[in-house]
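Observations on chain architecture
In case you want the letters, here they are:
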Amino acid sequence: MSYAKYLYTSYYCCDVPKSDHVDHINGDKMDDRIENLQVISGTYNRLKDHKHKEMIIRICPVCGKEFIFDPKNLSTHPNPCCSRKCGGIKSHW
Ligand SMILES: [Zn+2]
């Protein structure tokens, strides 16, 4: 178990599945503040590492799917969807 995972599970009193990672949101592995930690699946972790970006996990309000999102875009897209398709559906709500 990684130190980040240990911190996360003891702070939130929850289990993180083996396949999931506790990720440092800002990419700084020394920054173990609880607000810098998020749980992401192994797939997303690889995506994130590949992009070397600060990414957060959001749940799509339309289809409920998890997706990664650049928090820098939150100012222009405060309630993002997983895809253009879901965005189109939401614009008709
Ligand atoms: Zn969606």
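A quick note: this is a predicted structure, and the numbers were derived from the prediction, not measured.

Each helix and strand counted, the protein chain has 3 helices and 4 strands in total. Written out in order from the N terminus, the α and β elements of the protein chain read α-β-β-α-β-β-α. The buried share of the protein chain, reckoned over its 93 residues, is 35%. At a minimum sequence separation of 6, the contacts of the protein chain that also span at least 24 residues come to 20%. Surface exposure of the protein chain reaches about 6,500 Å², of which carbon and sulfur atoms provide 54%.

In the first shell of the zinc ion, the protein supplies Cys60 (SG), Cys63 (SG), Cys82 (SG) and Cys86 (SG), at 2.3 Å from the metal. Considering all 4 donor atoms around the zinc ion, angles at the metal cover 103 to 114 degrees and the coordination shape is tetrahedral. In terms of primary sequence, the donors binding the zinc ion are separated according to C-x2-C-x18-C-x3-C. Here Cys60 is found in the loop between β3 (56–59) and β4 (66–69), whereas its partner Cys86 is found in helix α3 (residues 84–90), with 26 residues between them in sequence. You can call Cys60 buried: its relative accessible area is 2%.

Look at any regular strand and the pattern is simple: side chains alternate between the two faces of the sheet. Across 4 bridges, β3 lies against β4 in antiparallel orientation. Looking at β4, one finds that Ile56 is bridged to Phe69.

Disulfide: a covalent bond connecting the sulfur atoms of a pair of cysteines. In total, this model carries 0 disulfides according to the counting rule given. Unpaired in this structure, Cys14 has its nearest cysteine sulfur neighbour in Cys13, at a distance of 7.8 Å. The class of Cys14 is partly exposed, set by a relative accessible area of 30%.

A few words now on unusual backbone geometry. With a phi angle near 50 degrees, Cys13 is a residue other than glycine that sits in the positive phi range. Assignment of secondary structure puts Cys13 in the loop between α1 (3–12) and β1 (20–24). Given the relative accessible area of 70%, Cys13 is considered exposed.

For the structure on display, the rule yields 2 salt bridges. Note that Asp31 is salt-bridged to Arg33, the shortest N-O span being 2.7 Å. According to the relative accessible area criterion, Arg33 is partly exposed, its value standing at 43%. Residue Glu35 pairs with Arg33 through a salt bridge whose shortest N-O separation is 3.4 Å. One salt-bridge network, in which partners are shared between bridges, spans Asp31, Arg33 and Glu35.

About the thresholds
Residues numbered from 1 in each chain as written. Predicted model: local features only at pLDDT ≥ 70, side-chain atom pairs only at ≥ 80, totals over all residues. Heavy atoms only, no water. Helix = DSSP H or I, 4+ residues; strand = E, 2+ residues; numbered from the N terminus. Buried < 20%, exposed > 50% of the residue type's maximum accessible area, 1.4 Å probe, protein only. Contact = heavy atoms within 4.5 Å. Areas by Shrake-Rupley, 256 points an atom, 1.4 Å probe, with all protein chains shown as cover. Donors = N, O, S within 2.8 Å, 3.2 Å for Na, K, Ca; no water. Tetrahedral: all angles 85-135°; square planar, octahedral: opposite > 155°, others 65-115°. Pairing = 2+ DSSP bridges. Disulfide = S-S within 2.5 Å. Salt bridge = Lys/Arg side-chain N within 4 Å of Asp/Glu carboxyl O.

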